[in-house]
2 protein chains.
Amino acid sequence: MTTRRDAVHDTLRRSEGFRSAQDVYAEMRLHGAKIGLTTVYRALQALADGGQVDVLRTDDGESVYRACATDTHHHHLVCRRCGRTVEVAGPAVERWAEMVGSEHGFTEITHTVEVFGTCASCSAPAKVG
Amino acid sequence: MTTRRDAVHDTLRRSEGFRSAQDVYAEMRLHGAKIGLTTVYRALQALADGGQVDVLRTDDGESVYRACATDTHHHHLVCRRCGRTVEVAGPAVERWAEMVGSEHGFTEITHTVEVFGTCASCSAPAKVG
DNA sequence: ATGGATTTTGACAACCGTTTTCATTTCAGC
DNA sequence: GCTGAAATGAAAACGGTTGTCAAAATCCAT
(Lines give C-alpha, C1' and ligand atoms only; values in the text may rest on other atoms or scores of the structure.)
Protein backbone atom coordinates (compact mmCIF):
# COMPACT_ATOMS: atom_id res chain seq x y z
CA MET A 1 0.00 0.00 0.00
CA THR A 2 2.98 2.20 -0.37
CA THR A 3 3.96 2.26 -4.03
CA ARG A 4 1.82 5.23 -4.99
CA ARG A 5 2.60 7.07 -1.83
CA ASP A 6 6.32 6.62 -2.46
CA ALA A 7 5.90 7.84 -6.00
CA VAL A 8 4.25 10.98 -4.68
CA HIS A 9 6.96 11.38 -2.09
CA ASP A 10 9.66 10.99 -4.73
CA THR A 11 8.04 13.55 -7.00
CA LEU A 12 7.98 15.96 -4.12
CA ARG A 13 11.61 15.31 -3.29
CA ARG A 14 12.58 16.30 -6.81
CA SER A 15 11.09 19.76 -6.34
CA GLU A 16 12.95 22.74 -4.98
CA GLY A 17 10.03 24.36 -3.27
CA PHE A 18 6.49 23.84 -2.11
CA ARG A 19 4.12 22.27 -4.59
CA SER A 20 0.36 21.96 -4.64
CA ALA A 21 -1.43 18.64 -4.93
CA GLN A 22 -2.41 19.51 -8.45
CA ASP A 23 1.16 20.43 -9.32
CA VAL A 24 2.32 17.05 -8.13
CA TYR A 25 -0.46 15.33 -10.02
CA ALA A 26 0.34 17.16 -13.26
CA GLU A 27 4.03 16.47 -12.84
CA MET A 28 3.45 12.77 -12.32
CA ARG A 29 1.13 12.48 -15.29
CA LEU A 30 3.68 14.29 -17.43
CA HIS A 31 6.21 11.64 -16.58
CA GLY A 32 3.78 8.94 -17.53
CA ALA A 33 2.72 7.91 -14.06
CA LYS A 34 -0.71 6.36 -13.95
CA ILE A 35 -2.31 7.84 -10.87
CA GLY A 36 -5.49 9.66 -10.02
CA LEU A 37 -5.85 13.09 -8.47
CA THR A 38 -7.74 11.64 -5.53
CA THR A 39 -4.87 9.31 -4.74
CA VAL A 40 -2.37 12.16 -4.87
CA TYR A 41 -4.47 14.09 -2.36
CA ARG A 42 -4.69 11.06 -0.13
CA ALA A 43 -0.98 10.34 -0.36
CA LEU A 44 -0.06 13.92 0.46
CA GLN A 45 -2.38 13.91 3.44
CA ALA A 46 -0.92 10.67 4.71
CA LEU A 47 2.62 11.93 4.24
CA ALA A 48 1.76 15.14 6.02
CA ASP A 49 0.11 13.26 8.87
CA GLY A 50 3.16 11.08 9.17
CA GLY A 51 5.39 14.11 9.29
CA GLN A 52 7.26 13.11 6.16
CA VAL A 53 6.30 16.27 4.33
CA ASP A 54 5.60 19.80 5.46
CA VAL A 55 2.42 21.62 4.55
CA LEU A 56 1.57 25.24 4.40
CA ARG A 57 -1.21 27.36 2.99
CA THR A 58 -0.65 29.89 0.27
CA ASP A 59 -2.33 33.26 0.48
CA ASP A 60 -5.08 32.03 -1.77
CA GLY A 61 -5.89 29.06 0.38
CA GLU A 62 -4.13 26.32 -1.53
CA SER A 63 -2.29 23.65 0.44
CA VAL A 64 1.29 23.21 -0.69
CA TYR A 65 3.62 20.43 0.28
CA ARG A 66 7.34 19.90 0.52
CA ALA A 67 9.58 16.97 1.34
CA CYS A 68 11.98 18.50 3.79
CA ALA A 69 15.53 17.38 4.48
CA THR A 70 15.32 17.44 8.24
CA ASP A 71 12.62 15.76 10.22
CA THR A 72 13.23 18.00 13.17
CA HIS A 73 11.23 21.14 13.75
CA HIS A 74 12.22 23.96 11.42
CA HIS A 75 10.84 26.87 9.47
CA HIS A 76 11.01 28.01 5.87
CA LEU A 77 12.43 30.88 3.96
CA VAL A 78 10.48 30.87 0.73
CA CYS A 79 11.12 32.85 -2.42
CA ARG A 80 7.85 34.43 -3.34
CA ARG A 81 8.83 34.43 -7.00
CA CYS A 82 10.24 31.00 -7.79
CA GLY A 83 9.28 29.13 -4.64
CA ARG A 84 12.83 28.09 -3.84
CA THR A 85 12.92 27.20 -0.17
CA VAL A 86 15.61 26.98 2.45
CA GLU A 87 15.01 25.34 5.77
CA VAL A 88 15.97 27.46 8.73
CA ALA A 89 16.15 26.79 12.42
CA GLY A 90 15.18 29.45 14.92
CA PRO A 91 15.71 28.36 18.50
CA ALA A 92 15.23 31.93 19.63
CA VAL A 93 11.82 32.06 18.00
CA GLU A 94 10.76 28.80 19.57
CA ARG A 95 11.64 30.14 23.00
CA TRP A 96 9.96 33.44 22.26
CA ALA A 97 6.71 31.74 21.27
CA GLU A 98 6.76 29.56 24.34
CA MET A 99 7.39 32.56 26.55
CA VAL A 100 4.72 34.74 24.98
CA GLY A 101 2.22 31.96 25.42
CA SER A 102 2.86 31.13 29.03
CA GLU A 103 3.11 34.81 29.88
CA HIS A 104 -0.59 35.05 29.04
CA GLY A 105 -1.58 31.81 30.68
CA PHE A 106 -1.81 29.82 27.50
CA THR A 107 -0.78 26.17 27.41
CA GLU A 108 0.06 23.68 24.70
CA ILE A 109 1.72 26.36 22.66
CA THR A 110 2.30 25.83 18.99
CA HIS A 111 3.31 28.34 16.39
CA THR A 112 3.64 28.96 12.70
CA VAL A 113 6.54 30.98 11.40
CA GLU A 114 7.29 31.43 7.74
CA VAL A 115 9.59 33.94 6.12
CA PHE A 116 9.07 35.14 2.57
CA GLY A 117 11.37 37.10 0.33
CA THR A 118 12.80 37.37 -3.13
CA CYS A 119 15.83 35.16 -3.61
CA ALA A 120 19.12 36.36 -5.07
CA SER A 121 18.65 34.88 -8.52
CA CYS A 122 15.10 36.20 -8.78
CA SER A 123 15.99 39.75 -7.82
CA ALA A 124 19.20 39.81 -9.87
CA PRO A 125 17.70 40.18 -13.37
CA ALA A 126 16.54 43.70 -12.64
CA LYS A 127 17.88 44.54 -16.06
CA VAL A 128 14.77 43.95 -18.10
CA GLY A 129 15.73 45.91 -21.20
CA MET B 1 -20.14 54.14 0.50
CA THR B 2 -19.14 53.53 4.03
CA THR B 3 -22.22 52.69 6.05
CA ARG B 4 -22.15 48.96 5.43
CA ARG B 5 -18.43 48.80 5.76
CA ASP B 6 -18.62 50.53 9.13
CA ALA B 7 -21.30 48.13 10.25
CA VAL B 8 -19.04 45.23 9.37
CA HIS B 9 -16.15 46.90 11.11
CA ASP B 10 -18.25 47.45 14.23
CA THR B 11 -19.42 43.87 14.29
CA LEU B 12 -15.83 42.75 14.10
CA ARG B 13 -14.82 45.07 16.90
CA ARG B 14 -17.38 43.49 19.16
CA SER B 15 -15.72 40.10 18.80
CA GLU B 16 -12.94 38.81 20.99
CA GLY B 17 -11.17 36.81 18.36
CA PHE B 18 -10.92 36.14 14.66
CA ARG B 19 -14.19 35.67 12.82
CA SER B 20 -14.94 34.35 9.37
CA ALA B 21 -16.90 36.29 6.79
CA GLN B 22 -19.83 33.98 7.28
CA ASP B 23 -19.65 34.41 11.05
CA VAL B 24 -19.84 38.15 10.63
CA TYR B 25 -22.68 37.82 8.17
CA ALA B 26 -24.67 35.53 10.46
CA GLU B 27 -24.02 37.79 13.42
CA MET B 28 -25.23 40.84 11.56
CA ARG B 29 -28.36 39.15 10.30
CA LEU B 30 -29.08 37.96 13.82
CA HIS B 31 -29.08 41.53 14.98
CA GLY B 32 -31.45 42.49 12.22
CA ALA B 33 -28.97 44.07 9.87
CA LYS B 34 -30.05 44.00 6.27
CA ILE B 35 -26.93 43.10 4.38
CA GLY B 36 -25.87 40.52 1.84
CA LEU B 37 -23.11 37.98 2.15
CA THR B 38 -21.38 39.42 -0.89
CA THR B 39 -21.21 42.83 0.70
CA VAL B 40 -19.73 41.40 3.87
CA TYR B 41 -17.02 39.72 1.83
CA ARG B 42 -16.35 42.95 -0.03
CA ALA B 43 -16.27 45.02 3.13
CA LEU B 44 -13.88 42.65 4.85
CA GLN B 45 -11.60 42.68 1.86
CA ALA B 46 -11.61 46.44 1.72
CA LEU B 47 -10.94 46.71 5.44
CA ALA B 48 -8.12 44.22 5.14
CA ASP B 49 -6.63 46.06 2.18
CA GLY B 50 -6.82 49.29 4.13
CA GLY B 51 -5.06 47.67 7.06
CA GLN B 52 -8.00 48.28 9.38
CA VAL B 53 -8.42 44.60 10.09
CA ASP B 54 -6.02 41.68 10.24
CA VAL B 55 -6.56 38.52 8.26
CA LEU B 56 -5.30 35.05 8.70
CA ARG B 57 -6.08 31.64 7.34
CA THR B 58 -7.36 28.85 9.49
CA ASP B 59 -5.99 25.37 9.03
CA ASP B 60 -8.95 24.50 6.88
CA GLY B 61 -8.44 27.37 4.52
CA GLU B 62 -11.02 29.80 5.80
CA SER B 63 -10.12 33.47 5.98
CA VAL B 64 -10.75 34.97 9.38
CA TYR B 65 -10.70 38.62 10.29
CA ARG B 66 -10.13 40.70 13.37
CA ALA B 67 -10.28 44.38 14.18
CA CYS B 68 -7.07 44.91 16.05
CA ALA B 69 -6.35 47.54 18.65
CA THR B 70 -3.01 48.64 17.32
CA ASP B 71 -2.38 49.61 13.76
CA THR B 72 1.31 48.90 14.10
CA HIS B 73 2.84 45.60 13.14
CA HIS B 74 2.10 42.86 15.64
CA HIS B 75 1.37 39.18 15.95
CA HIS B 76 -1.33 37.11 17.59
CA LEU B 77 -1.63 34.64 20.36
CA VAL B 78 -4.82 32.79 19.62
CA CYS B 79 -6.72 30.34 21.79
CA ARG B 80 -7.40 27.35 19.62
CA ARG B 81 -10.50 26.56 21.64
CA CYS B 82 -12.43 29.81 22.03
CA GLY B 83 -10.54 32.02 19.62
CA ARG B 84 -9.69 34.63 22.22
CA THR B 85 -6.78 36.60 20.88
CA VAL B 86 -4.03 38.72 22.41
CA GLU B 87 -1.93 41.00 20.34
CA VAL B 88 1.75 40.59 20.97
CA ALA B 89 4.80 42.41 19.76
CA GLY B 90 8.02 40.59 19.01
CA PRO B 91 10.82 42.90 17.99
CA ALA B 92 13.28 40.05 18.38
CA VAL B 93 11.34 37.97 15.89
CA GLU B 94 11.22 40.79 13.38
CA ARG B 95 14.97 41.12 13.54
CA TRP B 96 15.44 37.38 13.33
CA ALA B 97 13.33 37.14 10.19
CA GLU B 98 15.18 40.00 8.58
CA MET B 99 18.52 38.43 9.43
CA VAL B 100 17.61 34.95 8.26
CA GLY B 101 16.44 36.39 4.98
CA SER B 102 19.43 38.52 4.16
CA GLU B 103 21.77 35.79 5.32
CA HIS B 104 20.55 33.76 2.37
CA GLY B 105 20.53 36.62 -0.08
CA PHE B 106 16.79 37.19 0.05
CA THR B 107 15.38 40.69 -0.21
CA GLU B 108 12.01 42.29 0.57
CA ILE B 109 11.56 40.06 3.55
CA THR B 110 8.14 39.57 5.03
CA HIS B 111 7.01 37.03 7.54
CA THR B 112 4.01 35.45 9.15
CA VAL B 113 4.15 34.54 12.81
CA GLU B 114 1.20 33.27 14.77
CA VAL B 115 1.14 31.57 18.14
CA PHE B 116 -1.59 29.19 19.16
CA GLY B 117 -2.44 27.73 22.53
CA THR B 118 -5.19 26.95 24.96
CA CYS B 119 -6.08 29.93 27.10
CA ALA B 120 -6.38 29.81 30.87
CA SER B 121 -10.17 29.75 31.03
CA CYS B 122 -10.39 27.08 28.36
CA SER B 123 -7.94 24.73 30.01
CA ALA B 124 -9.26 25.34 33.53
CA PRO B 125 -12.62 23.47 33.33
CA ALA B 126 -10.92 20.09 33.12
CA LYS B 127 -13.66 18.99 35.52
CA VAL B 128 -16.26 17.82 33.05
CA GLY B 129 -18.49 15.95 35.46
C1' DA C 1 -2.42 -21.52 -7.92
C1' DT C 2 -7.34 -20.48 -5.97
C1' DG C 3 -11.13 -18.34 -3.76
C1' DG C 4 -12.57 -14.93 -0.84
C1' DA C 5 -11.97 -11.09 2.28
C1' DT C 6 -9.69 -6.63 2.56
C1' DT C 7 -7.51 -2.64 1.01
C1' DT C 8 -6.44 0.68 -2.50
C1' DT C 9 -7.55 3.11 -6.35
C1' DG C 10 -9.68 6.71 -9.22
C1' DA C 11 -13.60 8.75 -12.08
C1' DC C 12 -17.06 11.44 -10.79
C1' DA C 13 -20.08 13.99 -7.92
C1' DA C 14 -20.68 16.69 -3.90
C1' DC C 15 -18.94 20.34 -0.83
C1' DC C 16 -17.93 24.79 0.72
C1' DG C 17 -15.79 29.13 1.01
C1' DT C 18 -15.14 32.63 -2.07
C1' DT C 19 -15.63 35.45 -6.32
C1' DT C 20 -18.04 36.99 -10.34
C1' DT C 21 -22.04 38.51 -12.76
C1' DC C 22 -25.48 41.53 -13.55
C1' DA C 23 -29.84 43.63 -12.75
C1' DT C 24 -31.49 46.63 -9.23
C1' DT C 25 -31.05 50.18 -5.76
C1' DT C 26 -28.89 54.07 -3.66
C1' DC C 27 -26.90 58.42 -3.68
C1' DA C 28 -24.36 62.76 -5.04
C1' DG C 29 -24.55 66.55 -7.68
C1' DC C 30 -27.01 69.16 -10.70
C1' DG D 1 -36.87 65.51 -9.99
C1' DC D 2 -33.25 63.78 -13.15
C1' DT D 3 -28.87 61.46 -14.42
C1' DG D 4 -24.95 58.87 -14.13
C1' DA D 5 -21.74 56.55 -11.16
C1' DA D 6 -21.10 53.64 -7.29
C1' DA D 7 -22.87 50.14 -4.13
C1' DT D 8 -25.68 46.25 -3.26
C1' DG D 9 -27.10 41.42 -3.16
C1' DA D 10 -29.25 37.07 -5.20
C1' DA D 11 -27.84 33.70 -7.74
C1' DA D 12 -24.53 31.45 -10.61
C1' DA D 13 -19.79 30.28 -11.37
C1' DC D 14 -15.34 28.92 -9.62
C1' DG D 15 -11.64 26.08 -7.73
C1' DG D 16 -9.48 23.41 -4.42
C1' DT D 17 -10.61 19.66 -1.71
C1' DT D 18 -13.21 15.69 0.05
C1' DG D 19 -16.69 11.96 -0.26
C1' DT D 20 -18.79 8.07 -2.83
C1' DC D 21 -18.72 3.73 -4.61
C1' DA D 22 -17.75 0.27 -7.89
C1' DA D 23 -13.78 -1.81 -9.99
C1' DA D 24 -9.06 -3.39 -9.50
C1' DA D 25 -5.14 -4.82 -6.94
C1' DT D 26 -3.33 -7.20 -2.84
C1' DC D 27 -3.17 -10.54 0.87
C1' DC D 28 -3.66 -14.83 2.95
C1' DA D 29 -5.11 -19.26 4.27
C1' DT D 30 -5.87 -23.15 1.91
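Residues numbered from 1 in each chain as written. Chains lettered and ligands numbered in written order. Predicted model: local features only at pLDDT ≥ 70, side-chain atom pairs only at ≥ 80, totals over all residues. Heavy atoms only, no water.

Asker: Give me the overall build of chain A: which residues, what numbers.
Answerer: Across its full length, chain A holds 5 helices and 6 strands. Helices (α) and strands (β) of chain A occur, in sequence order from the N terminus, as α-β-α-α-β-β-β-β-α-β-α. The dimensions of chain A, computed from C-alpha atoms along their principal axes, are 55 × 50 × 25 Å. Evaluated residue by residue, chain A yields a buried proportion of 41% over its 129 residues. A sequence separation of at least 24 residues applies to 47% of the contacts in chain A between residues at least 6 apart. About 7500 Å² of surface is accessible on chain A, with carbon and sulfur atoms providing 51% of the total. Positive and negative charge centroids in chain A, built from 15 and 17 side chains respectively, lie 10 Å apart. (Helix = DSSP H or I, 4+ residues; strand = E, 2+ residues; numbered from the N terminus. Buried < 20%, exposed > 50% of the residue type's maximum accessible area, 1.4 Å probe, protein only. Contact = heavy atoms within 4.5 Å. Areas by Shrake-Rupley, 256 points an atom, 1.4 Å probe, with all protein chains shown as cover. Lys, Arg positive; Asp, Glu negative; His and termini not counted. Charge placed at Lys NZ, Arg CZ, Asp CG, Glu CD.)

Asker: Tell me about the pairing of strand β2 (residues 54-57) of chain A, residues and numbers included.
Answerer: Residues and elements named next belong to chain A. Side chains of β2 alternate between two faces, with D54 and L56 buried and V55 and R57 left unburied. In terms of strand pairing, β2 meets strand β3 (residues 63-66) through 4 bridges, oriented antiparallel. Paired with R57 across the strands is S63, a residue of β3. The turn linking β2 back onto β3 is made up of 5 residues, and G61 within it adopts a positive phi angle of 85 degrees. (Pairing = 2+ DSSP bridges.)

Asker: Describe in detail the sheet that holds strand β4 (residues 75-79) of chain A, supporting the description with residues and values.
Answerer: As summarised here, the arrangement of the 6 strands in space is β5(A)-β4(A)-β6(A)-β6(B)-β4(B)-β5(B), forming an open sheet in which the pairing is mixed. Each edge of the open sheet is held by one strand with a lone partner, namely β5 (85-88) of chain A together with β5 (85-88) of chain B. Strand-to-strand twist across the sheet, computed as the mean angle between neighbouring axes with direction ignored, equals 20 degrees. Bridge count between β4(A) and strand β6 (residues 107-118) of chain A: 4 bridges; the pairing is parallel. When the bridges of β6(A) are listed, H76(A) appears paired with E114(A). Those strands touched by helix α4 (residues 91-103) of chain B are β4, β5 and β6 of chain A together with β4 (75-79) and β6 (107-118) of chain B, and its axis lies near 135 degrees from that of β6(B). (Axes fitted to C-alpha atoms, helices over the stretch in contact; angles between N-to-C directions.)

Asker: Could you give me a rundown of the protein's contact with DNA strand C, with the residues and numbers involved?
Answerer: In the vicinity of DNA strand C there are 14 residues, among which R4(A), T39(A), R42(A), Y41(B) and S63(B) approach most closely. The sugar-phosphate backbone supplies 64% of the atoms of DNA strand C found within 4 Å of the protein. Between Y41(B) and DNA strand C, the recorded distance is 2.7 Å, taken from a side-chain N or O atom to a phosphate oxygen. S63(B) places a polar main-chain atom, nitrogen or oxygen, 2.7 Å from a phosphate oxygen of DNA strand C. (Near = heavy atom within 4 Å. Polar contact = N/O pair within 3.5 Å; in protein donor to acceptor, adjacent residues only side chain to side chain.)

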